[in-house]
Amino acid sequence: EAFNLAPVLSLPDLAIASGDLQLSPQFPRTGESAVLSVRVANLGAQDAANVVVRAFDGDPAAGGTQIGNQVLANIEGFGFATATFNWGGSTAIGDRTLHVQIDPANAILERFNENNAASRVFSVLDGDLYPTNKYFSPDGDGVRVEVWTVERDGGTARRIASANARHAGSTQASSVVRARGGGG
């Protein structure tokens, strides 16, 4: 036999997207701490070791504040790992953009480096009112449904739901429902 066959495994490919950034609580109040969870995928066949993950409050290229730095020991080929960061929150009401970088020094030889950063906007609110489930698509038929639900913690629950359905070439339909009572 003149040839030996050897399997060739693709290089690691570390990847994150905005949907891989999750905040708990989802809508923190001003000054409230939150936990940022970041799901880091390895889209390549080879393992990736000592993966550096950095999180920032604001764009790091524009002076964003580093929230934390974590090293994931190993991410198996075609697997994922999760990094978590404690974010001290914001003292200001409004939108905050959290940024995450993986392997920022390009220390790991990868197939692609372009998918090593992501950001996501999170809202910091004041008081007990917060929106949930802003958008959803119930059956994927091209109809965009927008829903806002506002709930109050403790005391009398009050929910306000607003739904807008949009379809290409059609008129907009909307409805508003208000309910008061102990359970919403």
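Everything below is about the structure printed above this text.
Quick caveat: nothing in here was measured; it's all calculated off a predicted structure. (Residues numbered from 1 in each chain as written. Predicted model: local features only at pLDDT ≥ 70, side-chain atom pairs only at ≥ 80, totals over all residues. Heavy atoms only, no water.)

Asks: Outline the packing of aromatic side chains, supporting the account with residue identities and numerical values.
Replies: Under the definition given, this model contains zero aromatic pairs. It is Arg-39 that lies over the ring of Phe-80; its NZ or CZ is 3.9 Å from the centre. (Phe/Tyr/Trp six-rings, centres within 6.5 Å; stacked < 30°, edge-to-face > 60°. Lys NZ or Arg CZ within 6 Å of the ring centre and 35° of its normal.)

Asks: Which residues make up unusual backbone geometry, and what values do they have?
Replies: A negative phi angle is the norm for most residues apart from glycine, just as the trans form is the norm for most peptide bonds. The step from Ser-24 to Pro-25 runs through a cis peptide bond, and the omega angle for that step is 0°. Relative to the helices and strands, Pro-25 is located in the loop between strand E2 (21-24) and strand E3 (34-42). Even without glycine at this site, Asn-50 takes up a positive phi of about 55°. Of note, Asn-50 is situated in strand E4 (residues 48-57). Even without a glycine there, the phi angle at Asn-106 is positive, about 55°. Among the structural elements, Asn-106 can be located in the loop between strand E7 (94-102) and strand E8 (117-124). (Helix = DSSP H or I, 4+ residues; strand = E, 2+ residues; numbered from the N terminus.)

Asks: Talk me through the pattern of salt bridges; I want residue IDs and the actual numbers.
Replies: Scanning the entire structure with this criterion turns up two salt bridges. The shortest N-O distance in the salt bridge between Arg-111 and Asp-13 comes to 3.9 Å. Here the residue Arg-111 occupies a position in the loop between E7 and E8, and Asp-13 occupies one in the segment before strand E1 (14-15), the gap between them amounting to 98 residues. Note on Arg-111: relative accessible area 41%, which makes it partly exposed. In this structure, Arg-96 engages Asp-57 in a salt bridge whose closest nitrogen and oxygen atoms are separated by 2.8 Å. In this pair, Arg-96 is assigned in strand E7 and Asp-57 in strand E4, connecting sequence segments 39 residues apart. The exposure class assigned to Arg-96 is partly exposed, which follows from its relative accessible area of 28%. Relative accessible area serves as the criterion here: at 13%, Asp-57 is assigned to the buried category. (Salt bridge = Lys/Arg side-chain N within 4 Å of Asp/Glu carboxyl O. Buried < 20%, exposed > 50% of the residue type's maximum accessible area, 1.4 Å probe, protein only.)

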